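One letter stands for each residue in the lines below.
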Amino acid sequence: GAGVSQSPRYKVAKRGQDVALRCDPISGHVSLFWYQQALGQGPEFLTYFQNEAQLDKSGLPSDRFFAERPEGSVSTLKIQRTQQEDSAVYLCASSSPLDRVGNEQFFGPGTRLTVL
Amino acid sequence: GENVEQHPSTLSVQEGDSAVIKCTYSDSASNYFPWYKQELGKRPQLIIDIRSNVGEKKDQRIAVTLNKTAKHFSLHITETQPEDSAVYFCAASQGMEYGNKLVFGAGTILRVKS
């Protein structure tokens, strides 16, 4: 079946603009994660959903970042009033039904955000 | 919170040689340790993972070892090939109570010279 998809793949925004990044997880996957990957670094956790519930948003860097998954499937990460330090690749990952000890997270191709 | 350190940051090997990448973690509650391979401009892809109740796991040319006492785990690639060239990330997860979120190392750039 289809893997995790993300859109747009590339986004250029002027400083101060709002952006919305979309993630389509693998069908049936309960868990959905957003990560931020700066150039030359490993992905860093932003937020986690179990179905439609946002259970952990401890990694969101500021209140300009907001994520939602209203129907427990597609998720949107919104960044308001973008700043240059928001430039990064935003990765979405999903995983299969709940397991107490770790499940493979399947990653999307990412959205590369450049803030000018 | 959990902190994962990864070494070396770059590794060059001759085709056919072995490559070893090492990671340490800080939180003894972590119980799941995946390794991801990421080619330039591509998504991270799982290559092997290990759970805390196992000390070693092997899949063809790739193996992972885990030392819970020392809180470190390693990736071993034997008979390296040019297509193994990529960035490799280790990660640790503390399990369901923390949503299985992954904490990643900074990555190792592996170059296999033919």
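Quick note: structure is the one above.
Conventions used here
- Residues numbered from 1 in each chain as written.
- Chains lettered and ligands numbered in written order.
- Predicted model: local features only at pLDDT ≥ 70, side-chain atom pairs only at ≥ 80, totals over all residues.
- Heavy atoms only, no water.
- Contact = heavy atoms within 4.5 Å.
- Buried area = accessible area lost by both parts, 1.4 Å probe.
- Salt bridge = Lys/Arg side-chain N within 4 Å of Asp/Glu carboxyl O.
- Polar contact = N/O pair within 3.5 Å; in protein donor to acceptor, adjacent residues only side chain to side chain.
- Helix = DSSP H or I, 4+ residues; strand = E, 2+ residues; numbered from the N terminus.
- Nonpolar A, V, L, I, M, F, W, Y, C, P; charged D, E, K, R; others polar.
- Pairing = 2+ DSSP bridges.
- Axes fitted to C-alpha atoms, helices over the stretch in contact; angles between N-to-C directions.
- Core = buried A, V, L, I, M, F, W, Y, C linked by side-chain atoms within 4.5 Å.
- Buried < 20%, exposed > 50% of the residue type's maximum accessible area, 1.4 Å probe, protein only.

## Brief notes about the interface of chain B and chain A
Stage number 1. The partner chain A presents 26 residues to the 21 residues of chain B that form the contact.
Stage number 2. Both sides of the chain B and chain A interface together cover about 1900 Å² of buried area, and 52% of this is carbon and sulfur.
Stage number 3. Seen at the junction of chain B and chain A, the total is 1 salt bridge.
Stage number 4. In this structure, lysine 101 of chain B and aspartate 56 of chain A form a salt bridge, with 3.3 Å as the shortest nitrogen-oxygen distance.
Stage number 5. The interface formed by chain B and chain A includes 7 residue pairs in polar contact (both at pLDDT 80 or more).
Stage number 6. For the side of chain B that touches chain A, the secondary structure elements donating two or more residues are β4 (32-38), β5 (45-51) and β10 (102-104) of chain B.
Stage number 7. Of the residues that constitute the side of chain B that touches chain A, the class distribution is 10 nonpolar, 7 polar and 4 charged.

## Description of the sheet that holds strand β7 (residues 65-68) of chain A
Each strand in a sheet pairs with another by means of backbone hydrogen bonds, the pair being arranged parallel or else antiparallel.
Residue and element names in this part refer to chain A.
Stage number 1. With antiparallel pairing, the 4 strands of this open sheet are ordered in space as β1-β3-β8-β7. Two strands close off the open sheet at either side, each with one partner strand: β1 (5-7) and β7. When strand polarity is set aside, the average angle formed by the axes of neighbouring strands in this sheet is 15°.
Stage number 2. Relative to strand β8 (residues 75-79), strand β3 (residues 19-24) runs antiparallel, the two being bridged by 5 bridges. Following the sheet pairing, arginine 22 is matched in β8 by threonine 76.

## As for the nonpolar core
When a protein is soluble and globular, its nonpolar side chains tend to lie buried together.
Stage number 1. One finds Trp35, Phe73, Leu75 and Leu110 of chain B to be the most contacted residues of the largest nonpolar core, which totals 23 residues.
Stage number 2. Looking at this core, the elements that each hand over two or more residues are β2 (10-14), β3 (19-25), β4, β5, β7 (62-67), β8 (72-77), β9 (86-93) and β11 (108-113) of chain B.
Stage number 3. Core analysis: the second largest hydrophobic core is formed by 20 residues, Leu21, Leu32, Leu46 and Tyr90 of chain A among them.

## Concerning the pattern of salt bridges
All names here are of chain B.
Stage number 1. The full count for this structure, using the stated rule, is 8 salt bridges over all chains.
Stage number 2. Between glutamate 39 and lysine 37 there is a salt bridge, and its shortest N-O distance comes to 3.8 Å.
Stage number 3. When its relative accessible area of 17% is taken as the criterion, lysine 37 is described as buried.
Stage number 4. The residue aspartate 49 makes a salt bridge to lysine 57 at a minimum N-O spacing of 2.9 Å.
Stage number 5. Judged by relative accessible area, aspartate 49 falls into the buried class, the value being 10%.
Stage number 6. A single salt-bridge network, built from bridges that share partners, covers Asp49, Arg51 and Lys57.

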